Amino acid sequence: MTIRTGTSSWTDPTLIACGRFYPPGVDTPEARLRHYASKFDLVEVDSSYYRLPDATVAWRWTQRTPPSFRFHIKAFRAFTGHTTPLAALPNDIAQAIGASRSCAGSASPPATGLLPGDIPTELRDELWRRYLEAVEPLRQSGQLTAMHFQFSPRVRNDKAGRALVFETARRLEGERHAIEFRHRSWFDTPSREAATLAMLRETGAAHTIVDSPDGFENTVPAVWATTRDDLCVVRLHGRNAAAWNRQGLAASSGRFVYEYSASELIDISARVQRIAALADDTHVLFNTNHEDQGMKNASAFQRTLVDLARGAF
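Figured I'd write up the structure that's included with this text. Predicted, not measured: the structure shown is a model, and the values here were computed from it.

1. Here we look at the packing of helix α10 (residues 262-276) against helix α11 (residues 293-309)
Interhelical geometry of α10 versus α11 gives an angle of 65° and a closest axis separation of 9 Å. The angle between α10 and α11 falls in the class roughly perpendicular. Viewed along their axes, α10 and α11 form a crossing whose handedness is right-handed. Residues Leu265, Ile266, Ile268, Ser269, Ala270, Val272 and Gln273 of α10 form the contact with α11, whose participating residues are Asn297, Ala300, Phe301, Thr304, Leu305, Leu308 and Ala309. Each residue belonging to the contact of α10 with α11 can be placed in one class, and the counts come to 10 nonpolar, 4 polar and no charged.

2. Overview of empty space enclosed by the protein
Using a probe with the size of a water molecule, rolled over the atoms, empty space left in the structure can be pinpointed. Per the stated rule, a full pass over the model turns up 1 cavity of 30 Å³ or more. Each pocket or cavity is described by its volume, and for the largest cavity that value is around 40 Å³. Every residue lining the largest cavity is listed: Thr7, Ser8, Ser9, Asp12, Leu15, Thr288, Asn289, Glu291, Gly294 and Met295. Mapped onto the lining of the largest cavity, the elements with two or more residues apiece are β1 (2-8) and α11. Considering only residue class, the lining of the largest cavity consists of 2 nonpolar, 6 polar and 2 charged.

3. Let's talk about the pattern of salt bridges
This model, assessed by the stated rule, comprises 26 salt bridges. Here Arg228 and Asp230 are joined by a salt bridge, their closest N and O atoms 2.8 Å apart. Using a relative accessible area of 18% as the deciding quantity, one classes Arg228 as buried. Owing to a relative accessible area of 22%, Asp230 belongs among the partly exposed residues under this scheme. Here Arg239 makes a salt bridge to Glu264, at a shortest N to O gap of 3.5 Å. Note that Arg239 is positioned in the loop between β7 (232-236) and α10 and Glu264 in helix α10, a separation of 25 residues in sequence. Because the salt bridges share partners, they merge into one network encompassing Arg20, Glu259, Glu291, Asp292 and Lys296.

4. Here's the deal with the packing of helix α6 (residues 121-134) against helix α8 (residues 159-172)
Contact geometry of α6 with α8 gives a least axis separation of 11 Å together with a crossing angle of 55°. One finds that α6 runs oblique with respect to α8. As for how α6 packs across α8, the hand of that crossing is right-handed. On α8, the residues touching Arg124, Asp125, Trp128 and Leu132 of α6 are Glu167, Arg171 and Leu172. Split into classes, the residues belonging to the contact of α6 with α8 amount to 3 nonpolar, no polar and 4 charged.

5. Focus: the packing of aromatic side chains
As enumerated under the stated definition, the model contains 21 aromatic pairs in all. Where Phe21 meets Tyr22, the ring centres are 4.8 Å apart and the plane angle is 70°; that geometry is what we call edge-to-face. You can call Tyr22 buried: its relative accessible area is 9%. A network of ring pairs unites the aromatic residues Trp10, Phe21, Tyr22, Tyr36, Phe40, Trp61, Phe69 and Phe71 as a single cluster. The ring of Tyr49 carries the charged tip of Lys74 above its face, separated from the ring centre by 4.9 Å. The side chain of Arg255 reaches across the aromatic face of Trp244, ending 4.8 Å from its centre.

6. Regarding α6
Taking 1.5 Å per residue, 14 residues should reach 20 Å; α6 reaches 20 Å between its end C-alpha atoms and fits that length. Leu123, Arg124, Leu127, Trp128, Tyr131 and Ala134 are the residues of α6 that are buried. Mapping the buried residues of α6 onto a view down its axis gives an arc of 145°, with all of them on the same face. Away from its buried face, by an angle of more than 90 degrees, α6 presents the exposed residues Thr121 and Glu122.

7. Some thoughts on the layout of surface pockets
Put simply, the largest pocket is a space of about 1,100 Å³. The wall of the largest pocket is formed by 43 residues, among which Asp46, Tyr49, Tyr50, Lys74 and Ser252 lie closest to the centre. When residues of the lining of the largest pocket are traced back to their parent elements, those giving at least two are α1 (13-18), α3 (47-50) and α4 (55-64). Considering every element that reaches the lining of the largest pocket, the biggest residue donor is α3, with 4 residues. Its residues assigned to classes, the lining of the largest pocket shows 15 nonpolar, 17 polar and 11 charged. Computed from the structure, the second largest pocket encloses a volume of approximately 210 Å³. As for the second largest pocket, its lining consists of 15 residues, of which Gly81, Pro116, Val155, Ala160 and Leu164 are closest to the centre.

About the thresholds
Residues numbered from 1 in each chain as written. Predicted model: local features only at pLDDT ≥ 70, side-chain atom pairs only at ≥ 80, totals over all residues. Heavy atoms only, no water. Axes fitted to C-alpha atoms, helices over the stretch in contact; angles between N-to-C directions. Helix = DSSP H or I, 4+ residues; strand = E, 2+ residues; numbered from the N terminus. Parallel < 35°, antiparallel > 145°, perpendicular 65-115°, else oblique. Left-handed = near helix turned anticlockwise from the far one by under 90°. Contact = heavy atoms within 4.5 Å. Nonpolar A, V, L, I, M, F, W, Y, C, P; charged D, E, K, R; others polar. 1 Å grid on protein atoms, 1.4 Å probe; cavity = no way out; pocket = protein on both sides within 12 Å on 5 of 7 lines; lining within 4 Å. Points joined across faces, edges and corners; volume = space filled by probe spheres on them. Salt bridge = Lys/Arg side-chain N within 4 Å of Asp/Glu carboxyl O. Buried < 20%, exposed > 50% of the residue type's maximum accessible area, 1.4 Å probe, protein only. Phe/Tyr/Trp six-rings, centres within 6.5 Å; stacked < 30°, edge-to-face > 60°. Lys NZ or Arg CZ within 6 Å of the ring centre and 35° of its normal. Expected span 1.5 Å × (residues − 1). Arc of directions from axis to C-beta.

Purely geometric numbers; function is a separate question.
The structure is reproduced here in structure tokens:
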């Protein structure tokens, strides 16, 4: 039984700007990752959601971290039901989409971004090929623990949403992946909860246990269950209900401003300890990535786990 702890991103602009986590002189990509890996044994790559990852960069990550270090890498937004700005796509694919829309007499891509159906099948296939090729260095090094699919709130528990879960598994051909839902319909009744977990087990996806504010359409409850024997994923977004759906923030991390209290961490640690008995590896990721709050929360959680094991509570 292994419990790993880390944060979602190690280079958030607000983290670097606050100047509290990285010591003076630790100001290059290599130095930052090496320093991070000296404190934690797990990290989530967040940048791969915004743009396709790069194999050369992924290889450098393997050289800058010890073999025991692990990466969760987020899936590209075009695969998770989110809108995708044309500028986020590789130039050749963006140009091909523009040309195909023009030939079909369609309007230019909307300013809000492309929906999944706006990307032709052959170009979608190519995006998948490039994504999997880019993460190959992490897989070859044994450091890729999972590809993380955080589905858009528009991915609901309906025929289309369930089809996307199965398509994701088909595309990955057995590669380990985790799925995180962002619409309450997946778990809003006991029968739906049971059906959702059964579907994840059938497709081989690790269920992501989510800690986030309650009561919104785009949140799900914390369902403490596992769907794989080899991986359990716990992802903590904080409980800042006032900021969860706030618009116009200068940085996206402003939605996750939250420092867990000692009592909250004791409760979470006890739950993690119990669920960890059901899986070979349990990975706990703090997405409270405003300034250094993720690192503070992750460090405090590590200390709480140790105290809990010693019977301090």
